[in-house]
Amino acid sequence: MGEKYRKGHHAVLNKGEENEMEIFGYQTEGCRKTLCIAGYVFSCGILPLVFYWRPAWSVWANCVPCTLREADVILLRTTDEFQIYSRKKVTWIYLSSLNGSVSLTPDHPVIADEDYVINRAIIRPDLKVRCIQVQKIRYVWNNSEEQFQKVGCLEDGFTAAKIHLKFGSGLTREEQEIRRLICGPNAIDVEITPIWKLLIKEVLNPFYVFQLFSVCLWFSEDYKEYAVAIIIMSIISITLTVYDLREQSIKIHRLVESHNSILVTVCRRKGIEALESRYLVPGDLLSLSGNKIQMPCDAILIDGGCVVNESMLTGESIPVIKTALPKVGDTVPWKLCGREDFRRHILFCGTEVLQTKSAGSGTVKAVVLQTGFNTAKGDLVRSILYPKPMNFRLYRDAVRFLMCLIGTATIGMVYTICVYVLSGEPAEEVVKKALDVITIVVPPALPAALTTGIIYAQRRLKNKGIFCISPQRVNICGQLNLICFDKTGTLTKDGLDLWGVVPSDKNGFQEVHSFTSGSTLPWGPLCGAMASCHSLIVLDGTIQGDPLDVKMFEATNWEIENSGIDFHVRGAPAGATIVKPSQATCQIPVEGIAILHQFPFSSVLQRMSVIVQELGGNRMAFMKGAPERVVSFCHPDTVPSNFASELQNYTIQGFRVIGLAYKRLEINHHITAWIREKVESDLTFLGLLILENCLKEETKPVLEELTSANIRTVMVTGDNLQTAVTVAKKSGMIAESLRVILIEANEADGSSPASVTWKLLEDRKHAGYRDQDSYINIGEDVSKPRDEEGSYHFAMTGKSYQVISQHFSSLLPKILMNATVFARMSPGQKSKLVEEFQKLDYFVGMCGDGANDCGALKMAHAGISLSEQEASVASPFTSKTPNIECVPHLIKEGRAALVTSFCMFKYMALYSMIQYIGVLLLYWKTNSLSNYQFLFQDLAITTIIGITMSLNAAYPKLVPYRPLGRLVSPPLLSSVFLNMLFSLAMHLLGFILVREQPWYSATDVFSACSLPKGNISRTATSPMISGKVSPDSFMSYENTTVWFLGTINCLIVALVFSKGKPFRQPIYTNYIFVLVLAVQMGTCIFLLFANIPDLYQRMDLACTPTLWRVYLVIMLAVNLILSLIVEEAIIENRALWLIIKRSFGFQSKSQYRKWQSVVASDQAWPPLNQTSYSERLESASGVSYSNPVFESHEETP
């Protein structure tokens, strides 16, 4: 790409990130700018308006390309398929503004350290910095690397040792002042947008500009009634939109306003200072003490430990333990220095520090990592302020359709100009009539009419407890054909009940100890593990932590307390947690257990460990985690030979199983001398903890409903594979009769390349436990499951999915065609999986409880959060009811809204074409419709229909096919085209026949019928009676005929296009719409057959013989019958269209359809009991999509 641009003119900002953009350098040129200003004046403001809509055009017109170093204007373009342009002005930051507080020279030691980006950005000797602000993030020009780089965060390349060395003592005042000036304040400022700004932005929308043009034209033609009506509707629409935007702005402002004024304690090299959090800069050293501290920034913990509530980010109110970044002298960046997830050392902005635990006599200390909008909370707020645009073909097609209408209008304008010029009409009249054609073909009410269905669907969803923050996604829900579900808390109940524990010794597994009887577990290592191997804390007198940990600990009948000042254990931190037997427990030979150190749970490691010491007794290490992982750290002699079968026995019943192990440690070692690898080795296996996690009552019926509607369901969980498969079978996601094929993939190991193996998962037979996630069970029958298409399901772990993505990418699409269960998936892998399904052209929905699912919820076409935590702002939809019943509701409403949008589009297009045909026919006689005739059609007919036609509710049953997803599709285009032909034929027939009638007169519009004598005496001065027509009158027989045909035809197409089943309730259930149609039709028939001179004169209608009126009714009836037959027998006939598709050899363009054909025709697929190897040995460096905001611990075993 770079070859197409001048060297230094183009670069990529945030490469590889979600907000990646291309940037181009431009320099303002005086001559060009002068010409543009002249253009602004001579175009009467049209040119600046065009530049406002197209910022790239403004840059290209005013500037010349240059290098980014020389640029004073930066043009940005998103790298996604939308390629949206934006314009940013380069600004300067002058360090001389600090002279009052800091005396700086070009060689000052504070700005001499080239390790920092901010120092490399300072231009010497002027001491100034070039910067741009993009989506609330500041980027400075790095002079040495010649690129714009983000500031407001510490450099990623620092090692852990360097962070301790450079920032462990705090910043000097000079460093702090310079960083504050360059990085900006540590504030997530979301201003409440002034109403005038919102108003201007809304009014400058192209839609309202077109309306303004239309209104001005109508006022010039004295068509003031409809102009006033459009003005009133526009004012209402603008007012409601501005009100909603203002309320949203206030809501976001309130979400973050308290963040900017938190009082913090900062360590300086010359002491401690208290200041407001907005003055913090990256590198500041925070001193944390006390409880319930709101974090105003992202910070790296370097001394002590913390217990943090990250519910703001993850949606899960489970305390998370944070540990200090170790002082290691590695040369690798600090994020890669340890085996643990580096996020374990980060206190994220917006989270609450529940407890602080100092390592010694001092306080807990943390180095500010990121400030402002660079932080986790800032990133979340930015995702709300700058949502990713959705690419839905409906909106692209709508633009294309609009362009076709504009093309049609252009033809009509040329025709109008020719007719009126040849007739010798004044130039002013010719221009007005030509411009009128545009407002007829492209109705100003079109966009408003298209949104009514979405608005009504939103209201119905709200009544069902489903809230939407992204209305445009409602239509997309109508196309969903694959739904990913989290398991725990989504398909299954939130709470876990401790069913029992299965102790283990040298002789194998013992009898199950059940806790249902209330009996306590006798003292031993197993009891000690249950009492101490957790991350529970006591807060405000209650035990808080992971529900699994709480259930496990409560079963022991022990108590938690913090150590007092008289507690002394060598190397133990002050305030260590102590667990003691309660008075209710039977004789326990130990006074209690002190938890000296924790190795926290990680979803990547799938385990946690603790170092504990009995009060006055032995020191031990306990481990708890996924059974397969725990036994891999145990001495083989301690693992029962029937481990795999015993584990399978419980997992196939859907139980949640946790493994426990321990080892004794030497007391004479200091706590800090123990590293995790050493502690977690040669353990003794203790047994299995069995927890029950039942399906929610609503799960199975909902999944059955989705399956019957041909909507594919997939489980994406962090739980055990066998448990996930069992839940999938119990819930009906996988039919009991179908086979499950396990896909196991392994990374390259030494000389062995990466491999993938397909094995049949059976219920009773098993293999060993060593190198598996789920003790694979290989059946004897190796025949391929070819009973029917899709008669098998693939299941795999996150590890296998990652290996396949990196080493077997060509196989991934084939695998995804039948993959149903994904277990042990990390949050990043969940997001990546959703993205892979989208690449196959699936419309993907994601339903999760908000915990660890936020990344996938954002990535999906429709993310549905079952959590009402603040994290739900990342999801387009949030359900108040915490079960998956919301999913079919959303799909039904989405389908109804989508069909409604198509119905309204077809209706508005036909209404425009009907009026267009009628007006062009009348233009042939240099006539037109009168203002009142236009007003009746536009306001009394179309506007009211547009409001009421969309009121049909969603059909209560999901049918096994989706509505059309494209406007530019044969059925829809055929419907519009055929109905347009019927209207054209009917109008032409009426227009020609009326001129052939014996009573027709081109000059005397009263020749057709005589009026009652009583009326004549009362209206003797009326021009109707004199036989003459006012020069300004539009009255003619052609006008009357065309108007009646067009007006009633608008009602006919409204009736024909108002579809009911299978996606919406039948038309008769829309009582308001039926009543409106009845009243409108009655009014039109009354006008047609009434002989009321005053009314006819006001409407510019000519009196015609009754027989002619009957002819008109017959023509309209024939049109109605033809339209209904065509719509029902052809347009809505799915079987017919399928036959046509097959006849013409039509092939679906969807990737998943193509892959389904490939899989169906591959006789060797799936390759059961076979192993495939990658062609290359080197390890691929594929990285799953991840967002640091949402990466947190998964479901804690």
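One structure accompanies this document, and this report is about it. Since the model is a prediction, treat every value here as computed from it, not as a measurement.

Brief notes about the packing of helix α29 (residues 970-996) against helix α32 (residues 1037-1057)
Following both chains from N to C, one finds α29 and α32 inclined at 155 degrees, their axes separated by 10 Å at the closest point. The orientation of α29 relative to α32 falls into the category roughly antiparallel. For the pair α29 and α32, the crossing hand works out as right-handed. Along its contact with α29, which presents Ser975, Asn979, Ser983, Met986, His987, Gly990, Phe991, Val994 and Arg995, the element α32 presents Tyr1037, Glu1038, Thr1041, Val1042, Leu1045, Gly1046, Asn1049 and Phe1057. Of the residues belonging to the contact of α29 with α32, the class tally is 7 nonpolar, 8 polar and 2 charged.

Here we look at the sheet that holds strand β18 (residues 352-357)
The antiparallel open sheet is built from 4 strands, whose spatial order is β13-β18-β15-β16. Of all the strands in the sheet, just β13 (293-294) and β16 (319-322) have a single pairing partner and so form its edges. As judged from the 4 bridges shared by strand β15 (residues 305-309) and β16, these two strands associate in the antiparallel manner. Looking at β16, one finds that Val308 is bridged to Val320.

Quick look at the pairing of strand β32 (residues 655-665)
Buried residues dominate β32, accounting for 10 of its 11 residues. When strand β31 (residues 619-625) meets β32, the two strands line up antiparallel, connected through 7 bridges. Paired with Met620 across the two strands is Arg664, which belongs to β32. Pairing of β32 with strand β33 (residues 684-692) involves 8 bridges; the strand directions are antiparallel.

Observations regarding the pairing of strand β10 (residues 263-268)
Pairing geometry for β10 and strand β11 (residues 271-276), over 6 bridges, is antiparallel. When the bridges of β11 are listed, Val264 appears paired with Leu275. The hairpin turn running from β10 into β11, its antiparallel successor, is 2 residues long. In this sheet, strand β12 (residues 285-288) lies alongside β10 in antiparallel orientation, the contact comprising 2 bridges.

Let's talk about the sheet that holds strand β39 (residues 844-848)
The mixed open sheet is built from 11 strands, whose spatial order is β20-β41-β40-β39-β21-β34-β38-β37-β35-β36-β42. Looking along the sheet, the strands with just one partner apiece sit at the ends: β20 (466-468) and β42 (1170-1173). Taken over all neighbouring pairs, the strand axes of this sheet differ in orientation by 20 degrees on average, direction set aside. Two strands pair when backbone bridges link them, and strand β35 (residues 739-746) and strand β36 (residues 755-761) are joined in this way by 7 bridges, in the antiparallel orientation. Looking at the pairing, Leu742 lines up with Lys759 of β36. Its contacts with the sheet place helix α23 (residues 798-807) against β35, β36, β37 (792-797) and β38 (819-823), and it is angled at close to 65 degrees to β35.

Focus on the packing of aromatic side chains
For the structure shown, the criterion picks out 30 aromatic pairs. Summarising the aromatic geometry, the rings of Tyr842 and Tyr1152 are spaced 4.3 Å apart at their centres and angled 15 degrees between planes, so their arrangement reads as stacked. On the criterion of sequence distance, the pair formed by Tyr842 in the loop between α25 (827-839) and β39 and Tyr1152 in helix α37 (residues 1151-1161) is long-range, its members being 310 residues apart. By the burial criterion, Tyr842 is buried, and Tyr1152 matches it. Connected via pairs of aromatic rings, a cluster forms that spans Tyr801, Phe822, Phe837, Tyr842 and Tyr1152.

Some details on the pattern of salt bridges
Tallied over the entire structure, the rule returns 27 salt bridges. Residue Glu145 pairs with Arg120 through a salt bridge whose shortest N-O separation is 3.8 Å. With Glu145 in the loop between β8 (137-142) and β9 (147-150) and Arg120 in helix α4 (residues 117-120), this pair connects stretches of sequence that are 25 residues apart. A relative accessible area of 42% places Glu145 in the partly exposed class. Residues Arg268 and Glu273 are paired through a salt bridge, measuring 3.1 Å at the closest nitrogen-oxygen approach. Take Glu273: its relative accessible area is 34%, and that puts it in the partly exposed class.

Considerations on unusual backbone geometry
Following Arg124, the chain continues to Pro125 via a peptide bond in cis, the omega torsion being 5 degrees. Structurally, the position occupied by Pro125 is in the loop between α4 and β7 (128-134). A cis geometry characterises the amide bond from Trp1165 onward to Pro1166, with omega recorded as 0 degrees. Among the structural elements, Pro1166 can be located in the loop between α37 and β42. Phi is positive for Cys44, close to 60 degrees, though the residue is something other than glycine. Its identity as a non-glycine residue notwithstanding, Glu146 has a phi of 50 degrees, on the positive side. By the element assignment, Glu146 lies in the loop between β8 and β9.

Here's the deal with a nonpolar patch on the surface
A surface patch of nonpolar side chains, about 690 Å² in accessible area, is lined by Ile1085, Phe1089, Leu1107, Val1110, Tyr1111, Val1113, Ile1114, Val1118 and Leu1122. Secondary structure elements with two or more residues in the nonpolar patch: α33 (1071-1089) and α35 (1106-1131). With 7 residues, α35 is the single largest residue contributor to the nonpolar patch. Checked against the element boundaries, Val1118 lands in helix α35.

Each value, and the rule that gives it
- Residues numbered from 1 in each chain as written.
- Predicted model: local features only at pLDDT ≥ 70, side-chain atom pairs only at ≥ 80, totals over all residues.
- Heavy atoms only, no water.
- Axes fitted to C-alpha atoms, helices over the stretch in contact; angles between N-to-C directions.
- Helix = DSSP H or I, 4+ residues; strand = E, 2+ residues; numbered from the N terminus.
- Parallel < 35°, antiparallel > 145°, perpendicular 65-115°, else oblique.
- Left-handed = near helix turned anticlockwise from the far one by under 90°.
- Contact = heavy atoms within 4.5 Å.
- Nonpolar A, V, L, I, M, F, W, Y, C, P; charged D, E, K, R; others polar.
- Pairing = 2+ DSSP bridges.
- Buried < 20%, exposed > 50% of the residue type's maximum accessible area, 1.4 Å probe, protein only.
- Phe/Tyr/Trp six-rings, centres within 6.5 Å; stacked < 30°, edge-to-face > 60°.
- Salt bridge = Lys/Arg side-chain N within 4 Å of Asp/Glu carboxyl O.
- Patch = residues over 30% accessible without salt bridge, like charges linked within 9 Å, V, L, I, M, F, W, Y side chains within 5 Å.
- Areas by Shrake-Rupley, 256 points an atom, 1.4 Å probe, with all protein chains shown as cover.

So yeah, pure geometry; function would need other evidence.
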